[in-house]
Amino acid sequence: MTQYTVINPATEQPVTTIPQAGAEQADEAIARAARAEESWRAVAPGDRARLLRSFAAAVDANLDDLAALEIAGSGHPAGQARWEAGHVRDVLLYYSAAPERLTGRQIPVAGGLDVTFAEPIGVVGLIVPWNFPMPILSWGMAPALAAGNTVIAKPAEMTPLTAIRIGELALEAGLPEGVLQVLPGKGSVVGQRLVDHPLVGKIVFTGSTEVGQQIMAGCARQIKRVTLELGGKSANIVFADCDLEKAAATAPYAVFDNAGQDCCARSRILVEASVFDRFMELLEPAVQGVRVGDPAADGTEMGPLISAAHREHVASYVPDGAPVAIRGSAPDGTGFWYPPTVLAPVSTADRAYTEEIFGPVVTVTPFRDEAEAIALANDTPYGLSGSIWTGNVGRAIRVARGVEAGNLSVNSHSSVRYWTPFGGFKQSGLGRELGPDALDPFTETKNVFIATDTE
Ligand code: TAP
């Protein structure tokens, strides 16, 4: 077995070494998951619910340990890492109520009756990215298990630690062997095997659009079910009639949270021209006030980037001579640091404006009117997220309906909640996760006609 050394992005020091599964181990895990699925789907709904609640309780009892692993292995600030571990618990609890509500329908037909069943798909492969290792794992894992599927989760090579611990907690909580397996390994090996193996019935992928396209093509060969959560280049649209102080104060957190390594990052701020200068004046202290530093320290709001290679990629969007309007702070020396950076004015043809940067870099662009704001927001292949700031309720609804994106917020910088649907338009993805209907993509609907006529 090959080994992968996890590096602490804040110190550049090795944290631990993790054995990497190969194609053979992936095949063994898939066979185990397929065997386990036969009995897991037959577990009574109330018992499956109880096991998921025990799993949530085990996570709850280990919040600090999970957070410590995410601080060391991913560089997430302590407050954020604790929130993420608590989020896994909450997502498990929310979907623990689902097995007993997985009801079918009774449809009137002549000569009998028709009933529907929501059958589990079978083995689900979750391919998880490095940016939010815990939340994104839980979004696929919890509804898939609640619906009676077994799950093989492949964490990103760089950030396997919390997923491995969550897999152990599932066993400690009493989930049968093989129901949830965490398989660290390379995407091109283990991830690819999950896509290619005929016993895996569904793939849930979150990551880059390029790999998402390959996965969709791979799944197409077997008509395999697939959910894709891909990139974003979301707009934060600021109208002159909004609470400008609040819009400017929260704008940094809409894009620099998780050091900008967030598919929902509002990485293009669009501001009505009449208040552009005032907005920039208000934005400057807000950006400079973002506390960047040691992720383990209380009060840190932004940590380092995930790797040296990723920092180089992010820095390529800010070459010498780039129009840096505002720059926040970041520690010098060891660690993959990059300061919060605001670019303005920026051409709409500049790659900093058109491409997903996945780092703490944001552009600010003026617009003339509502129509131009919507046109600019939609002028991207992506459509994941966005915000609208206005005091006019009619405009808020009009613009929200006009923006082609799956998750929008009005007068707020956040739109992701586990009890509301999450997913993208256009090249940001396919399908929806979370919310009350999240079990639908993990089940197949079957209708059964039962004759009641005597002849
Ligand atoms: P990806 O390469 O897309 O990695 C995401 C996941 O897919 C990882 O678990 C990866 O495994 C796996 N993977 C890679 N190649 C695969 C293959 N051929 N078959 C199956 N699975 C495969 O993303 P990245 O390289 O980590 O990041 C690149 C860019 O993608 C980022 O800069 C950002 O723009 C975007 N990104 C977006 C998101 C979200 S939430 N939309 C998340 C992460 C990255 P390994 O890591 O082990 O190879």
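Residues numbered from 1 in each chain as written. Predicted model: local features only at pLDDT ≥ 70, side-chain atom pairs only at ≥ 80, totals over all residues. Heavy atoms only, no water.

Trainee: Would you take a moment to explain the site of the ligand for this structure?
Mentor: Neighbouring residues of the ligand: 28 residues in total, closest Val128, Trp130, Glu157, Ser208 and Leu230. At a separation of 3.5 Å, an oxygen atom of the ligand approaches a polar backbone atom of Gly185. With respect to the ligand, the side chain of Glu356 contributes an N or O atom lying 3.0 Å from an oxygen atom. Contact with the protein chains hides 84% of the accessible area of the ligand, taken as 880 Å² for the molecule alone. Those elements giving two or more residues to the shell around the ligand turn out to be α7 (187–196), β8 (200–206) and α8 (209–220). Take the shell around the ligand: its biggest share by element is four residues, from α7. Counted by class, the shell around the ligand contains 11 nonpolar, 12 polar and five charged residues. (Near = heavy atom within 4 Å. Polar contact = N/O pair within 3.5 Å; in protein donor to acceptor, adjacent residues only side chain to side chain. Areas by Shrake-Rupley, 256 points an atom, 1.4 Å probe, with all protein chains shown as cover. Helix = DSSP H or I, 4+ residues; strand = E, 2+ residues; numbered from the N terminus. Nonpolar A, V, L, I, M, F, W, Y, C, P; charged D, E, K, R; others polar.)

Trainee: Quick question: what am I supposed to make of the sheet that holds strand β7 (residues 180–182) here?
Mentor: Neighbouring strands of a sheet are bound in pairs by backbone hydrogen bonds; such pairs are parallel or else antiparallel. Ordered in space as β7-β6-β5-β8-β9-β17, the six strands form an open sheet in which the pairing is mixed. A strand with exactly one partner marks an edge of an open sheet, and here the two such strands are β7 and β17 (429–430). In this structure, strand β9 (residues 225–229) lies alongside β17, joined through two bridges in antiparallel fashion. When the sheet's bridge partners are listed, Leu228 is paired in β17 with Leu430. (Pairing = 2+ DSSP bridges.)

Trainee: I tried to follow the side chain of Thr300 on my own but got confused; where do I start?
Mentor: Of note, Thr300 is situated in the loop between α10 (276–288) and α11 (308–315). A polar atom in the side chain of Thr300 sits 2.8 Å from the backbone oxygen of Asp294. At a separation of 3.3 Å, a polar atom in the side chain of Thr300 contacts the main-chain carbonyl oxygen of Ala297. Ignoring anything within four residues of it in the chain, the contact list for Thr300 reads Pro77, Arg291, Gly293, Asp294 and Pro295. (Contact = heavy atoms within 4.5 Å.)

Trainee: When you look at the packing of aromatic side chains in this model, what are you seeing that I'm missing?
Mentor: Both the distance between ring centres and the angle between the ring planes are used here to describe each pair of aromatic rings. This model, assessed by the stated rule, comprises six aromatic pairs. Note on Tyr94 and Tyr95: the rings are 4.8 Å apart at their centroids and 85° apart in plane angle, and the pair reads as edge-to-face. Residue Tyr94 is classed as partly exposed on the basis of its relative accessible area of 27%. Relative accessible area serves as the criterion here: at 3%, Tyr95 is assigned to the buried category. In this structure an aromatic cluster arises from ring pairing among Tyr94, Tyr95, Tyr418 and Trp419. (Phe/Tyr/Trp six-rings, centres within 6.5 Å; stacked < 30°, edge-to-face > 60°. Buried < 20%, exposed > 50% of the residue type's maximum accessible area, 1.4 Å probe, protein only.)

Trainee: I'm lost on the pairing of strand β14 (residues 361–367) in this one. Help?
Mentor: A regular strand carries its side chains on alternate faces of the sheet. Most of β14 is tucked away, with six of its seven residues classed as buried. One ladder, built from five bridges, connects strand β11 (residues 268–272) with β14; its direction is parallel. Looking across to β14, one finds that Glu272 is bridged to Phe367. Relative to β14, strand β13 (residues 341–343) is paired through three bridges, and the arrangement is parallel. Bridge assignment links Leu343 to a residue of β14, and that residue is Thr363.

Trainee: Sorry, what's going on with the pattern of salt bridges here?
Mentor: If you walk through the whole model with that rule in mind, you get 21 salt bridges. Two residues, Asp60 and Arg89, come together in a salt bridge whose shortest N-O distance is 2.7 Å. Of this pair, Asp60 sits in helix α2 (residues 45–60) while Arg89 sits in helix α4 (residues 78–96), and the two are 29 residues apart along the sequence. Its relative accessible area of 37% is what places Asp60 among the partly exposed residues. Of the charged contacts, one joins Asp64 and Arg82 as a salt bridge, the two residues approaching to 3.8 Å between their closest N and O atoms. Taken together, the positions of Asp64 in helix α3 (residues 63–74) and Arg82 in helix α4 put the pair 18 residues apart, joining distant regions of the chain. Classification of Arg82 by relative accessible area gives partly exposed; the value is 40%. Taken together, the shared-partner salt bridges in this structure form one network comprising Asp241, Glu370, Arg395 and Arg398. (Salt bridge = Lys/Arg side-chain N within 4 Å of Asp/Glu carboxyl O.)

Trainee: Would you explain the nonpolar core in this entry?
Mentor: Counting 56 residues, the largest nonpolar core has Ile237, Phe279, Leu283 and Val364 as its most contacted members. Not counting the four nearest positions on each side in its chain, Leu283 is found in contact with Ala248, Ala251, Pro252, Ile269, Ile326, Val342 and Val364. Counting 55 residues, the second-largest nonpolar core is a separate cluster that includes Leu51, Phe55, Ala144 and Leu434. (Core = buried A, V, L, I, M, F, W, Y, C linked by side-chain atoms within 4.5 Å.)

Trainee: In this structure, what is going on with the packing of helix α13 (residues 370–378) against helix α14 (residues 393–402)? I would like to understand it.
Mentor: For any two helices packed against each other, the geometry comes down to the angle between their axes and how far apart the axes lie. In contact at an axis separation of 10 Å, α13 and α14 are set at 30° when each is read in the N-to-C sense. Put simply, α13 runs roughly parallel to α14. The handedness of the crossing between α13 and α14 is right-handed. Each of Glu370, Ile374 and Asn378 in α13 lies in contact with α14, whose residues at this interface are Arg395, Arg398, Val399 and Gly402. (Axes fitted to C-alpha atoms, helices over the stretch in contact; angles between N-to-C directions. Parallel < 35°, antiparallel > 145°, perpendicular 65-115°, else oblique. Left-handed = near helix turned anticlockwise from the far one by under 90°.)

Trainee: Explain the sheet that holds strand β16 (residues 407–410) here, please?
Mentor: Sheet architecture is open: seven strands sit in the order β12-β13-β14-β11-β10-β15-β16, paired in mixed fashion. Every interior strand has two partners, whereas the edge strands, β12 (324–327) and β16, have only one. Within the sheet, the average angular offset between the axes of one strand and its neighbour, ignoring direction, is 20°. Of the strands in this sheet, β10 (235–238), β11 and β14 touch α13, which is tilted by about 170° from β11.

Trainee: Please clarify how unusual backbone geometry should be interpreted in this entry.
Mentor: The bulk of non-glycine residues show a negative phi, and the bulk of peptide bonds are trans. In this model, Ala344 is joined to Pro345 through a cis peptide bond whose omega is -10°. Looking at the element boundaries, Pro345 is found in the loop between β13 and α12 (351–354). You will see that Ile223, though not glycine, has its phi angle at about 50°, which is positive. One can find Ile223 in the loop between α8 and β9.

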